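Coordinate analysis (summary)
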Amino acid sequence: MKATEVDFTLNDGNKIPAVGLGTAFPRENQDLVTDCIITALKSGIRHIDTAWYYGSEPMIGVALQKAFTEGIVKREDIFITTKVWPGRHDDALGSLNDSLEFLQLDYVDLFLQHWPLCFIKDTFTVDERFDPLDTWKEIIEIKKTTKKVKSIGVSNYSIRSLERLFKETDVIPAVNQVELHPRLPQLELVEFCRDHGILMEAFSPLGSGGAPLLKIPLVNELAEKYKATATDILISFHVCKGTVVLPRTQNLERLKQGWEFVKISNEDLAKLNEYGIANHYRYIAAEFGINLGFPDWNDSVDYHTGV
Ligand code: NDP
């Protein structure tokens, strides 16, 4: 069975495919995006994770139109996520409208607050005058008053940020999309979200650019044991835990091959978690995230500008 065939249910009753294709493609490779999305849809990938910030939405929109026109998939059979960037913290609706226009869609299945932060427009500088919870409140309002989003959620929220959200707003996010993989299992956050009915989504499941996690010896031992690929193990690690996973590839052969679902035993899942506790590493360690209250954030050594 392919991992892309598995579905989970969100706390609002909507279904979500367990595997979504990540689309934070390198800016220089954007011309490959349309082909990549068409190939993905033909291969049975039913969930696409994008964001206004990634710059890939116009090419994804072209691919979706082509897929609908050629009968490759129907709109209702696929799941599209987009996000509002902190630089547009006070204009979630404007950002969503732009995304819908780029994607050539009337609605998205999931709309996320990308980071619990407010930036000065076109910078990565946090603007302390604004409250990130106001963006979440606007997202709640969009869900209540329009038909442009089916489900709403957050991304990069720590326990501390979620506790504040619970105290000050009355809608529990359907998902929390954060970095998760065998070097960053974030067990406390995962348990906290599960206890509050929030589905976890794992970004950078391969360790981001260059897929460094494919080299972990334990992952390769498990691949051999389960007669699967190391990528299948890294994807199934999440699906087995009930977490959505968002791998990115622009390699058409990999997209055609897809990802096999591997039923990893609880004992082996625990070994992967233990590996992460001993070999902790955060790949998407945006400097601006340091004050968000992730207990392990300060150990981060590899700074990206954030995607
Ligand atoms: P991933 O962890 O998915 O890794 C992508 C890299 O893995 C690419 O270099 C890709 O290269 C490579 N790769 C994929 N499959 C293989 C394979 N079988 N063998 C060798 N290399 C492989 O990276 P991302 O950081 O992009 O995370 C995934 C998605 O998560 C993003 O695209 C985005 O949608 C989301 N995200 C969300 C964030 C947020 O703040 N909410 C932050 C970061 C990511 P190739 O293309 O050549 O296959």
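Looking at an unreviewed UniProt entry, the protein carries the name 2-dehydropantolactone reductase, with the source organism given as Kuraishia capsulata CBS 1993.

Here we take up the packing of helix α2 (residues 57–69) against helix α3 (residues 92–103). Interaxial distance between α2 and α3 falls to 6 Å at its minimum, and their mutual angle equals 45 degrees. Overall, the two elements α2 and α3 adopt an arrangement that is oblique. Only Ser-99, Phe-102 and Leu-103 of α3 make contact with α2, whose side of the interface consists of Glu-57, Pro-58, Ile-60, Gly-61 and Leu-64. Grouping the amino acids of the contact of α2 with α3 by side-chain chemistry returns five nonpolar, two polar and one charged.

Attention now goes to the confidence of the model for the protein. The predicted model of the protein averages 93 in pLDDT, with 95% of residues at 70 or higher. Taken as a whole, residues 299–307 scores under 50 in pLDDT and shows 31 contacts with residues more than four places along the chain or in a different chain. Confidence metrics for the complex model read pTM 0.96 and ipTM 0.99.

Turning to the site of the ligand, a few remarks are in order. Residues in close proximity to the ligand total 30 residues, the closest being Asp-49, Ser-208, Arg-248, Thr-249 and Arg-254. At 3.4 Å from an oxygen atom of the ligand is found a side-chain nitrogen or oxygen belonging to His-114. One of the side-chain nitrogen or oxygen atoms of Arg-254 is found 2.5 Å away from an oxygen atom of the ligand. For the ligand, whose accessible area on its own is 900 Å², the fraction buried by protein is 87%. A majority-of-atoms criterion places the ligand in the largest pocket. Its residues placed into classes, the shell around the ligand shows 11 nonpolar, 15 polar and four charged.

Analysis parameters
- Residue numbering note: each chain is counted from 1, following its sequence as written.
- Residue-level local features of this predicted model are given only where pLDDT is at least 70; pairs of side-chain atoms are given and counted only at 80 or more, and the full residue set underlies all totals for whole chains, interfaces and linings.
- Think of the side-chain values as coming from all heavy atoms in the structure, minus any hydrogens and water.
- With axes taken as lines fitted to C-alpha atoms, and helix axes fitted only over the stretch in contact, angles between N-to-C directions fall between 0 and 180 degrees.
- Each helix corresponds to a stretch of at least 4 residues labelled H or I by DSSP, and each strand to a stretch of at least 2 residues labelled E; elements are numbered beginning at the N terminus.
- What sets the label is the angle itself: under 35 degrees gives roughly parallel, over 145 gives roughly antiparallel, 65 to 115 gives roughly perpendicular, and the rest give oblique.
- It only takes one pair of heavy atoms within 4.5 Å for two residues to be counted as in contact.
- Under the convention adopted here, Pro, Cys and the residues Ala, Val, Leu, Ile, Met, Phe, Trp and Tyr are nonpolar, Asp, Glu, Lys and Arg are charged, and Gly plus all remaining residues are polar.
- As a per-residue measure, pLDDT tells how confident the predictor is, with possible values from 0 to 100.
- We call a residue near a molecule or strand when any one of its heavy atoms sits within 4 Å of it.
- Polar contacts, as used here, are pairs of N or O atoms within 3.5 Å; protein pairs need one atom able to donate a hydrogen and one able to accept it. Residues neighboring in sequence count only if both atoms are side-chain atoms.
- Per-residue and other accessible areas follow the Shrake-Rupley method at a 1.4 Å probe size, with only the shown protein chains counted as cover for residues.
- Only protein atoms enter the 1 Å grid, on which a cavity is a set of points fitting a 1.4 Å probe that cannot get out and a pocket is an open set with protein on both sides within 12 Å along at least 5 of 7 lines, lining residues being those with an atom within 4 Å of a point.
- A pocket or cavity is taken to hold a molecule when more than half of that molecule's atoms are within 2 Å of the pocket's grid points.

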